[in-house]
Structures are given as C-alpha cells and as structure tokens.
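Geometric and topological summary
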Amino acid sequence: NYSYPADAIFVSPSGDNSNPGGIGSPKQSIASAFATAAAGGTLVLRAGIYHEQINFNKSVTIQAYPGEVVWMDGSSVYTGWTGTGPWTRALGPNWAPIDSDRYPHNDPYANLPEQAWIEGVMQRQVADNSTPAAGEFSVNRTARTITLGSDPTGKEVRVSDLNYAGVFSAQCNVYGIGMRRYSPLEMEGISALIYFGGSSQNSVVENCVFQESAVHGISSARKITLRGITVQDCMQSGIQ
C-alpha cells in the first residue's frame, strides 16, 4: 500500500501505449512508461502480469498500485503440442539458442537456461535432443523445438522465454512487485531476475517477491538495500 505522487505514470495490462499515462488512461507496458518518465519519476503498475525485460538507465521508482498484485513474468503460455507421447512444438519467437558449453560445470545441464511448467509444476530439463520421461522436458536447439514427457492436453503449459526482468544502471526504488519465471543466461554475466550495476548504488528493493529464476534471484555489484523480500526456487543462488 504505497502512496504515489500526483505526477505518477500509470501502467495497466489493459492500457494503451498511446495513452498519456494518467490513472484513467494508463500505458500498457512498463517500457513505454519508463521511456516517458522523467528522471526521478514514479511508475505505478496496476494489477496483472507484465511480460517484459527492461534496462533502467535513469532513476525512477517502480511500485504496485495500492492493494493490487503485480507480477513481471518471463514465461509465455504454449499451446499446439503434437504427438501422443512425448509431445513437441516449436519454441516461441523470443527464444534464442545459446552456447551451453561455454562455461563448463560438473553438471552437464547446468548451463541450460530453459524452464517449463505444467499447471504450475516445474518440469526437469534433461539433455538436448533426448527423450524426456514424465515430469521432464528437453530442447532441440537445431530444430528450435521443445519436447515434454508429460501429457499437456487440457493443461496450462508455460515456458520461460525472457532472460531477466530488469537491469538497473541508475539508482531506482522497486516496491511491492513480484518477478518470476525468467531464464537468465549465466554466460552473459547479468544472470539474475534483476541486476544492479552502473550507478545504481543506494537503490531500495522493498516488499518484493522473486521466484523461479534459472540462475540467480537478485544480483548486485553495488550497495543496495533489500527489505522485506522473498526469494525462492532459484536454481543457483537466491541473492548474489
């Protein structure tokens, strides 16, 4: 329940980026609101899911509208599966292949960044091009396909296809927002749901939730304040 200034820019999944950003005429994307905001401005996010990744290179405050639930979500719903077991479909347009051998690990699958969920249950990734068993999935990087070992018929399947929610290179405050289901690339260095570098020292992250990152939850190379946060189900470390 954070108050907001009179000149705040509002964002809603049902908004329009051609709108000026008032409370009755919100923008649709965080990126559009950020581009409009002056340094030191405030972005107020209305309830819903925002499928975005953004580089925050000027000082702003990003906060949830009082009493509303806001998620930045790096996954998309996948439909149109073919086969009778296992089940396969093309990877979406946001997916991009990586050199998974660039950073060797004891676990040969540690660099594979994809994540998949069936009805909210995370599936286990196995080797590229292999045939997954129930509860598992694999990716074919040459054919650009993903294969499930469990039947997706009549179920919601989500696949992560964005790498991060936010990279902060300026001092910013983030209040009351959830971020989940992103697949950062370890090889890129910015290997977390959110990363603080550049001139982001003294940023504040408060009452936020970070879930289901393929690598880290929060990564910071600067002095920042974390207060009242929840970090869970991150594949390497929660806070780096």
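The structure this text deals with has already been given above.
Read on for an overview of the structure. All values reported here derive from a predicted model rather than from experimental measurement.

Ranked by internal contacts, the top residues of the largest apolar core, which has 32 residues, are F56, I62, M72, I177, M179 and I194. Only β1 (9–11), α1 (30–36), β2 (41–45), β4 (54–56), β5 (60–64), β6 (70–73), β17 (178–182) and β18 (192–199) provide two or more residues apiece to this core. Among the nonpolar cores identified, the runner-up in size contains 13 residues, and Y78, W95, I146 and L148 belong to it.

This part takes up the sheet that holds strand β21 (residues 216–220). Strands sit in the order β4-β15-β18-β21 across an open sheet of four strands; the sheet is parallel. The open sheet has two edge strands, β4 and β21, and neither has a second partner. Here the strands of the sheet are splayed against their neighbours by 10° on average, with no regard to which way each runs. Across four bridges, strand β15 (residues 166–170) lies against β18 in parallel orientation. Each bridged residue has a counterpart across the sheet, and for G166 the counterpart in β18 is I194.

Quick look at the side chain of S203 now. Positionally, S203 belongs in the loop between β18 and β19 (204–206). If near-sequence neighbours (up to four positions away) are discounted, S203 is found in contact with A170, Q171, C172, N173, F196, K223, I224 and T225.

Both the distance between ring centres and the angle between the ring planes are used here to describe each pair of aromatic rings. Per the stated rule, a full pass over the model turns up seven aromatic pairs. One aromatic cluster is present, formed by F34, F56, F168 and F196 through successive ring pairs. If you follow K58 out to its NZ or CZ, it ends over the ring of F34, 4.9 Å from the centre. Above the face of the Y78 ring, R89 is positioned so that its terminal group lies 4.0 Å from the ring centre.

On to the pairing of strand β20 (residues 209–213). In regular strands, side chains alternate between the two faces of the sheet. For β20, the buried fraction is high: four of the five residues fall into the buried class. When β17 meets β20, the two strands line up parallel, connected through four bridges. Residue pairing in the sheet places R180 in a bridge with Q211 of β20. Sheet topology places β20 next to strand β23 (residues 230–232); three bridges connect them, and they run parallel. Within β23, the residue paired with Q211 across the bridge is Q232.

Attention shifts here to the sheet that holds β5. One open sheet accounts for six strands, arranged β1-β2-β5-β16-β19-β22; its pairing is parallel. This sheet does not close on itself; its edge strands, each paired only once, are β1 and β22 (225–227). Across the sheet, the axes of successive neighbouring strands diverge by a mean angle of 10°, strand direction being ignored. The pairing of β2 with β5 spans five bridges and is parallel. Bridge pairing links L45 to A64 in β5.

Conventions and cut-offs
- Residues numbered from 1 in each chain as written.
- Predicted model: local features only at pLDDT ≥ 70, side-chain atom pairs only at ≥ 80, totals over all residues.
- Heavy atoms only, no water.
- Core = buried A, V, L, I, M, F, W, Y, C linked by side-chain atoms within 4.5 Å.
- Buried < 20%, exposed > 50% of the residue type's maximum accessible area, 1.4 Å probe, protein only.
- Helix = DSSP H or I, 4+ residues; strand = E, 2+ residues; numbered from the N terminus.
- Pairing = 2+ DSSP bridges.
- Axes fitted to C-alpha atoms, helices over the stretch in contact; angles between N-to-C directions.
- Contact = heavy atoms within 4.5 Å.
- Phe/Tyr/Trp six-rings, centres within 6.5 Å; stacked < 30°, edge-to-face > 60°.
- Lys NZ or Arg CZ within 6 Å of the ring centre and 35° of its normal.

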